[in-house]
Amino acid sequence: KSRETADPAAVSSPKLTAGKHQDEATPKKNLCVKAAKEHSIPKDLNKVLENKVMDTVLDLSYVKLSVVEMTCSGEADSEGIVSKSVSSHSDLIPGVYEGGLKIWECTFDLMAYFSEAEIEFTNRTVLDLGCGAGLLGIVALRGGAARVHFQDYNSTVIDEITLPNVVANCLSEGSRMGTGKDRKANKPPSKKPRKAEGSPDVLNRCRFFSGEWSQVSQLLLSSNKPCSKYDIILTSETIYNPDYYSALHDTLAQLLDRNGRVYLASKVHYFGVGGGVYLFEKFIEERNLFRTSMVKTIDQGLQRCIMEIAFKNSC
């Protein structure tokens, strides 16, 4: 598929580089229903960052994937997605690995849109859906969100990529989580944190989940920890496969607050997989539950869009 991955290490404005194309991948009609799981935050945060090498992009810390590919095996990768992705030279193995190890191009489009549109995260409840590296949710934390939940299809992605990224961005020696207005004054995090001195108040605002969307929705709605609906749901490059549209639509319908907003970033079309922004927009229209608005179009490289989604009867 042509989903195009960004090379964060080369980003200044940011620059983007084409990723692997997986045109030969054909989506399976019989979707794998992957059970949902909540991931606990270890008390010893140094364990989270053990063997991790960190880099920075747009003043955010992130785990270097090349090091994860070399060091992640055994129990740390119980799903085997790292070795399968490397050996098959594939960024997508439908129903097995859904691309969460990479940072995708549209993530940066959506981050830029937050600033342009002055999206307000203060005291909001946020879900980073299909989070991968979790950069969108981390930006929401920096913006003062009251609660941010991270979800990815693969548990290995949460444990080896998302959680370390969130912890690294909570380090007292790195970028401080605040309102987002003063982050330019902060020193960038060191590439390899010396000690994980976490900010407990920030981490207490986070929860982490893996599994297929419908399963995660059930877990959240039936949890012993009651989960209120989300004010904002952020999702990037999650509509590449039309077979997933029903599950995604239902998840948004179940988890979005009545007056909430979804911000979805996507390529206009995903070659070799068949999905795209207009196809998903048509799917939404046929369900007649949400209204959509194309709030931004990016014409550099493969055309990309940012869509805002809200309930039809919302404010």
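Residues numbered from 1 in each chain as written. Predicted model: local features only at pLDDT ≥ 70, side-chain atom pairs only at ≥ 80, totals over all residues. Heavy atoms only, no water.

## Section: the packing of aromatic side chains
The relative placement of two aromatic rings is captured by the distance of their centres and the angle of their planes.
Argument step 1. This model, assessed by the stated rule, comprises 10 aromatic pairs.
Argument step 2. Seen from their ring centres, Phe-150 and Phe-208 are 5.1 Å apart, and the 10° between their planes marks the pair as stacked. In this pair, Phe-150 sits in strand S5 (residues 147-152) while Phe-208 sits in strand S6 (residues 206-210), placing the two residues 58 residues apart along the sequence. Here Phe-150 matches Phe-208 in class, with each residue buried.
Argument step 3. Relative to Tyr-270, the ring of Tyr-240 lies with its centre 6.3 Å away and its plane at 70°, an arrangement referred to as edge-to-face. (Phe/Tyr/Trp six-rings, centres within 6.5 Å; stacked < 30°, edge-to-face > 60°. Helix = DSSP H or I, 4+ residues; strand = E, 2+ residues; numbered from the N terminus. Buried < 20%, exposed > 50% of the residue type's maximum accessible area, 1.4 Å probe, protein only.)

## Focus: the environment of Glu-79
Argument step 1. With respect to the secondary-structure elements, Glu-79 resides in the loop between helix H2 (65-71) and helix H3 (81-88).
Argument step 2. Looking at Glu-79, the relative accessible area reads 14%, which means it is buried.
Argument step 3. In this structure the C-alpha to C-alpha distance between Glu-79 and Tyr-97, which are 18 residues apart in sequence, comes to 8.7 Å.
Argument step 4. Filtering out sequence-adjacent residues up to four positions away, Glu-79 remains in contact with Lys-34, Lys-84, Tyr-153, Asn-154, Ser-155 and Thr-156.
Argument step 5. Separated by 2.9 Å, the side chains of Glu-79 and Lys-34 make a polar contact.
Argument step 6. At a separation of 2.9 Å, a polar atom in the side chain of Glu-79 contacts the main-chain amide nitrogen of Thr-156. (Contact = heavy atoms within 4.5 Å. Polar contact = N/O pair within 3.5 Å; in protein donor to acceptor, adjacent residues only side chain to side chain.)

## Description of the nonpolar core
Argument step 1. Within the largest apolar cluster, 54 residues are counted, with the highest numbers of intra-cluster contacts made by Phe-121, Phe-150 and Val-166.
Argument step 2. Per-element accounting of this core gives the leading share, seven residues, to helix H6 (residues 155-168).
Argument step 3. Formed by 33 residues, the second largest nonpolar core is a distinct cluster that contains Leu-248, Ile-284, Cys-305 and Met-307. (Core = buried A, V, L, I, M, F, W, Y, C linked by side-chain atoms within 4.5 Å.)

## Describing the confidence of the model for the protein chain
Argument step 1. Residues with a pLDDT of 70 or more make up 80% of the protein chain, whose mean pLDDT is 83.
Argument step 2. Taken together, the stretch residues 9-29 has pLDDT below 50 and engages in 46 contacts with residues farther than four places along the chain or on a different chain.
Argument step 3. Taken together, the stretch residues 172-176 has pLDDT below 50 and engages in 15 contacts with residues farther than four places along the chain or on a different chain. (pLDDT = per-residue confidence, 0-100.)

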